[in-house]
Amino acid sequence: MTSSGDDRAIRTNGLTRTFGAFTAVDHITFDVKPGEVFGFLGANGAGKTTAIRMLTGLLTPSSGEAWVAGHDVYRESELIKRDIGYMSQRFSLYDDLTVRENIRLYGGIYDLTRDQIRDRTERILSRLGLSDTAHDAVGALPLGWKQKLALSVALLHEPRIVFLDEPTSGVDPITRRQFWELIYEAAHAGTTVLVTTHYMDEAEYCDRISIMVAGRIAALGSPAELKRDAGASSIDEVFVRLVRPELAGGGGPAQ
Amino acid sequence: MSAASAVRGFARRTLALARAEVLHVIRDRASLVQIIVMPLVQLLVLSNVATFAVKRSPVYFVDFDHSPASRGIVTRFAASDLFDIVGQSASPDAANEAMLRGDATLVVTIPRDFERDLVRDKAAPIGLDLNAEKGSAAGIVQSYAAQTLTDYAAELGTEIVPTPRNVIDGPPSEIPPHPGAAHIDVRLRSWYNQTLDYKHYMVPGILVALVTMIGTLLTAQNIAREKEMGTLEQLNVTPIGKAEFITAKLLPFWVLAMIDLMLGLAVARLVFDVPIRGSLVLLMGSAGLYMIVALAIGLWISALVETQQQAMFTSFFVIMIYLLMSGLLTPIDSMPHWVQVASLVNPVRHFVSISRAILVKGAGLAEISTQLVTLAVFAVGFLTLAIRQYRKRAA
């Protein structure tokens, strides 16, 4: 049996990754349902990126189990790649190619037809308001536009699941809001979204979140559940209590 | 999925990536210059430098005879562009000083009674003292001088007996009147390169070396650069196949290398008058096969290393071994046996000899078939290594 046998988008069981003596991801177990926007919260170095790299087939796990889109991460990583989109925290489209050329490249790699590439290019350009800069090198675009373009390219082949690793880091609040609108559009179209962030306000946009601390999942649930269980008024406060209990003090509302 | 649609998918994904690769090259003016202009400039310059031919060797004459015959010898040397007469006297000491200063490579000593012996005995000795610091050059100067003297003697219907000595520290001195040396009449005839024009021999080799270097360096940097920039990760998360990836990386540089070779060949033909005696199609076909080998090695290096700097060091290491063990600069026949055996796995060696064989000797398919088969085996081997070395997932 090579697939998970159910319709869950992502399923992990004790997934672990060590680098020498250091355990980056320590026995994480969670499920993501189809169409869900699932948030991975945590400080830098908490293991979010390592977890995503294992799920996207970029890194072999040390132990544990995981299935993505029904495919086993150990043996079927190339099958997983047909069903997912990925946006790394580092901008990784080609700066020297134009917007159109980048879209065409990935359209070609994902086996889209010429017509599909043309239609989706026009859709992306008009949706992002990039029509006037379609022939400019991507490297010349402002960071916020680059990030929105990177998301659109990750969604180009209409994957079942999209992994977004710190997609909004370094961009201004307005662009962040626009970015989340794009994420919601994808989710409404049925795409499962797994997104990592260290912006606690963004956690509120997710259906469910897991808070990672030192490679472990310290809390998992909907934002409302997590706040209720911790008796906190914000996810920020939940997070501080989990990470630095001594700083949380009297437990009063943070703001 | 049918085989035909699998092939179409392979071609489509490969071409999508190869197209982007071409755009990278076109957008980067510096690398375009590096690829097209630099090798041509180097070919034009280096072909004049890398020659074993010795021209305008400085000669000093010590003439004890002062006869028409001895002056005739001086005139013959003066008329040849192989020699430059830097001094003439009847003083061995002056000749010695000239050689010590490095002003003279060759001292020709014409003994007393040279003309008399020539007329009476139809043979006369003459002294050739060579500065043998530069070993092979000394040998060449000696043979040129002997040839010049033999020609002159033949004109006179006599025989001149050169007595060469390699001088490193001993002073040149007057030749004893009767050298005991036996006459050895060596008749030389150069095949294939009758005029012994070293350019005909060197230019194809230099061209191969340049294209190999450029191709290896560019491909070796390529994947390493994408690793550094983070763009490789985005490709690794797509379903692109490893063979598709390597093919897409190889294809544009293969085309560029072939363009380079054709331009270089045009320069070789038009500027250096290198003959193209064999089939041009056969030459370009062999070159195409060879370039797959050279570029696959570059891509293998690139898949292996993490940074462009490591790629640079590794390719320089490989290129040095490549070129010095290729027979390009020094004949493989004069290398130690184990080096000769080791050089069999050097693809440059095989292509240098293929290109010289086709261009200078007019060799056909039959004559180079063994080397072509060897290159084909290398192509498959190194492509396999490159494809296996490229990892879409970190261990």
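None of the values given here were measured: they were computed from a predicted structure.

### Looking at the interface of chain B and chain A
Tallying the contact residues gives 28 residues for chain B and 34 residues for chain A. Between chain B and chain A, the buried area comes to about 2900 Å², and carbon and sulfur atoms account for 50% of it. Contact with chain A buries surface across chain B, with B:Gln234, B:Val237 and B:Arg393 losing the most and accounting together for 25% of the total. Between the two partners, chain B and chain A, sit five salt bridges. B:Lys392 is the partner of A:Glu78 in a salt bridge, and the nearest nitrogen-oxygen pair spans 2.7 Å. Where chain B touches chain A, the interface holds 20 residue pairs in polar contact (both at pLDDT 80 or more). Of all the secondary-structure elements, those providing two or more residues to the side of chain B that touches chain A are α1 (3-27), α7 (198-229) and α8 (231-236) of chain B. Residue contributions to the side of chain B that touches chain A peak at 10 residues, all from α1(B).

### Digging into the environment of B:Ile160
All names here are of chain B. Following the sequence through the fold, Ile 160 ends up in strand β5 (residues 159-167). Put simply, Ile 160 and Asp 117 are 43 residues apart on the chain and 9.9 Å apart in space, counted from C-alpha to C-alpha. When near neighbours in sequence (up to four residues on either side) are disregarded, Ile 160 contacts Ile 73, Phe 114, Leu 118, Ala 124, Ile 126, Leu 149, Tyr 152 and Ala 153.

### A few points about the sheet that holds strand β4 (residues 63-68) of chain A
All names here are of chain A. Across the sheet, four strands lie side by side as β2-β1-β4-β5; this open sheet has antiparallel pairing. The sheet terminates laterally at β2 (22-32) and β5 (71-72), the two strands that pair on one side only. Contacts from helix α1 (residues 48-55) reach β1 (10-19), β2 and β4 within the one sheet, and its direction differs from that of β1 by about 115°.

### Considerations on the environment of A:Met200
All names here are of chain A. Turning to its location among the elements, Met 200 is positioned in helix α7 (residues 200-203). Measuring from C-alpha to C-alpha, the distance between Met 200 and Val 238 comes to 9.6 Å, with 38 residues separating the pair along the chain. In this structure Met 200 touches Leu 41, Ile 235, Asp 236 and Phe 239, once residues within four positions along its chain are discounted.

### Considering unusual backbone geometry
Residue and element names in this part refer to chain B. Positive phi is not limited to glycine here, since His 66 has a value of about 50°. Looking at where His 66 falls in the secondary structure, it is placed in the loop between β1 (57-63) and α3 (68-79). Taking the relative accessible area as the measure of exposure, His 66 reaches 52% and is therefore exposed.

### Re the confidence of the model for chain A
Mean pLDDT over chain A: 91, with 94% of residues reaching 70 or higher. Here residues 250-255 of chain A scores under 50 on pLDDT; set against residues more than four positions off or in separate chains, the count is 10 contacts.

### Some remarks on the packing of helix α8 (residues 223-230) of chain A against helix α9 (residues 235-243) of chain A
Residue and element names in this part refer to chain A. Here α8 crosses α9 at 55°, and the two axes come no closer than 9 Å. Classified by the angle their axes make, α8 and α9 are oblique. The way α8 lies across α9 gives a crossing that is left-handed. Residues Pro 223, Leu 226, Lys 227 and Ala 230 of α8 form the contact with α9, whose own contacting residues are Ile 235, Val 238 and Arg 241. Class assignment for the residues of the contact of α8 with α9 results in five nonpolar, no polar and two charged.

### A word on empty space enclosed by the protein
Residue and element names in this part refer to chain B. Tallied over the entire structure, the rule returns two cavities of 30 Å³ or more. In this structure, the largest cavity spans a volume of roughly 80 Å³. As for the largest cavity, its lining consists of Pro 204, Leu 207, Val 208, Leu 261, Leu 265, Leu 283, Met 284, Ala 287, Phe 351, Ser 355 and Leu 359. When residues of the lining of the largest cavity are traced back to their parent elements, those giving at least two are α7, α9 (242-270), α10 (280-304) and α13 (347-361). Residue composition of the lining of the largest cavity, by class: 10 nonpolar, one polar and no charged.

### Quick look at the pattern of salt bridges
Residues and elements named next belong to chain A. Summed over all chains, the structure comprises 35 salt bridges over all chains. The salt bridge partner of Arg 127 is Glu 185, with a shortest N-O separation of 2.6 Å. Here Arg 127, found in helix α4 (residues 114-128), pairs with Glu 185, found in helix α6 (residues 173-188); they are 58 residues apart in sequence, far enough to count as distant. For Arg 127, a relative accessible area of 36% gives the class partly exposed.

### Digging into the domain arrangement of chain B
Domain annotation of chain B identifies domain 1 (3-51 + 198-389) and domain 2 (57-167). Here domain 1 of chain B and domain 2 of chain B have C-alpha centroids that lie 48 Å from each other.

### Let's talk about the sheet that holds strand β9 (residues 208-213) of chain A
Residue and element names in this part refer to chain A. The strand order across the open sheet built from six strands is β6-β7-β8-β3-β9-β10, with neighbouring strands paired in mixed fashion. Both outer strands of the open sheet, β6 (84-87) and β10 (216-221), are each paired with one neighbouring strand and no more. The mean angle between the axes of side-by-side strands here comes to 15°, regardless of whether they run parallel or antiparallel. Strand contacts of α8: β9 and β10, with the helix running at about 105° to β10, the strand carrying the most contacts.

### Considerations on a nonpolar patch on the surface
All names here are of chain B. A contiguous nonpolar patch, built from Val 33, Val 37, Val 41, Leu 44, Val 45, Leu 46, Val 49, Leu 270 and Val 271 and spanning about 780 Å² of accessible area, is present on the exposed surface. Considering every element that reaches the nonpolar patch, the biggest residue donor is helix α2 (residues 29-49), with seven residues. Counting through the fold element by element, Leu 270 comes out in helix α9.

### Things to note about the packing of α9(B) against helix α14 (residues 365-389) of chain B
Residue and element names in this part refer to chain B. Viewed as axis vectors pointing N to C, α9 and α14 meet at an angle of 120°, and their least axial separation amounts to 9 Å. For α9 against α14, the interelement crossing comes out right-handed. Here Lys 242, Ala 243, Ile 246 and Leu 250 of α9 lie close against α14, whose contacting residues are Leu 383, Ala 386, Ile 387 and Arg 388. Along the lines of polarity and charge, the residues of the contact of α9 with α14 split into six nonpolar, no polar and two charged.

### Focus: α6(A)
Think of an α-helix as 3.6 residues a turn; residues three or four steps apart then line up on the same face. Residues and elements named next belong to chain A. Look at α6: 23 Å from first C-alpha to last across 16 residues, which is about the 22 Å you get at 1.5 Å a residue. Regarding α6, the residues found buried are Thr 175, Arg 176, Phe 179, Trp 180, Leu 182, Ile 183, Ala 186 and Ala 187. An end-on view of α6 places all buried positions within 155° of arc, on one side of the element. Residues Ile 174, Arg 177 and His 188 are exposed on α6 and point more than 90 degrees away from its buried face. Among the residues of α6, the N-terminal cap falls to Asp 172, whose side-chain oxygen and the backbone nitrogen of Ile 174 are separated by 3.1 Å. Residue Gly 190 follows α6 closely and has a positive phi angle near 105°.

Procedures and definitions
- Residues numbered from 1 in each chain as written.
- Chains lettered and ligands numbered in written order.
- Predicted model: local features only at pLDDT ≥ 70, side-chain atom pairs only at ≥ 80, totals over all residues.
- Heavy atoms only, no water.
- Contact = heavy atoms within 4.5 Å.
- Buried area = accessible area lost by both parts, 1.4 Å probe.
- Salt bridge = Lys/Arg side-chain N within 4 Å of Asp/Glu carboxyl O.
- Polar contact = N/O pair within 3.5 Å; in protein donor to acceptor, adjacent residues only side chain to side chain.
- Helix = DSSP H or I, 4+ residues; strand = E, 2+ residues; numbered from the N terminus.
- Pairing = 2+ DSSP bridges.
- Axes fitted to C-alpha atoms, helices over the stretch in contact; angles between N-to-C directions.
- Buried < 20%, exposed > 50% of the residue type's maximum accessible area, 1.4 Å probe, protein only.
- pLDDT = per-residue confidence, 0-100.
- Parallel < 35°, antiparallel > 145°, perpendicular 65-115°, else oblique.
- Left-handed = near helix turned anticlockwise from the far one by under 90°.
- Nonpolar A, V, L, I, M, F, W, Y, C, P; charged D, E, K, R; others polar.
- 1 Å grid on protein atoms, 1.4 Å probe; cavity = no way out; pocket = protein on both sides within 12 Å on 5 of 7 lines; lining within 4 Å.
- Points joined across faces, edges and corners; volume = space filled by probe spheres on them.
- Domains from an automatic or database assignment.
- Patch = residues over 30% accessible without salt bridge, like charges linked within 9 Å, V, L, I, M, F, W, Y side chains within 5 Å.
- Areas by Shrake-Rupley, 256 points an atom, 1.4 Å probe, with all protein chains shown as cover.
- Expected span 1.5 Å × (residues − 1).
- Arc of directions from axis to C-beta.

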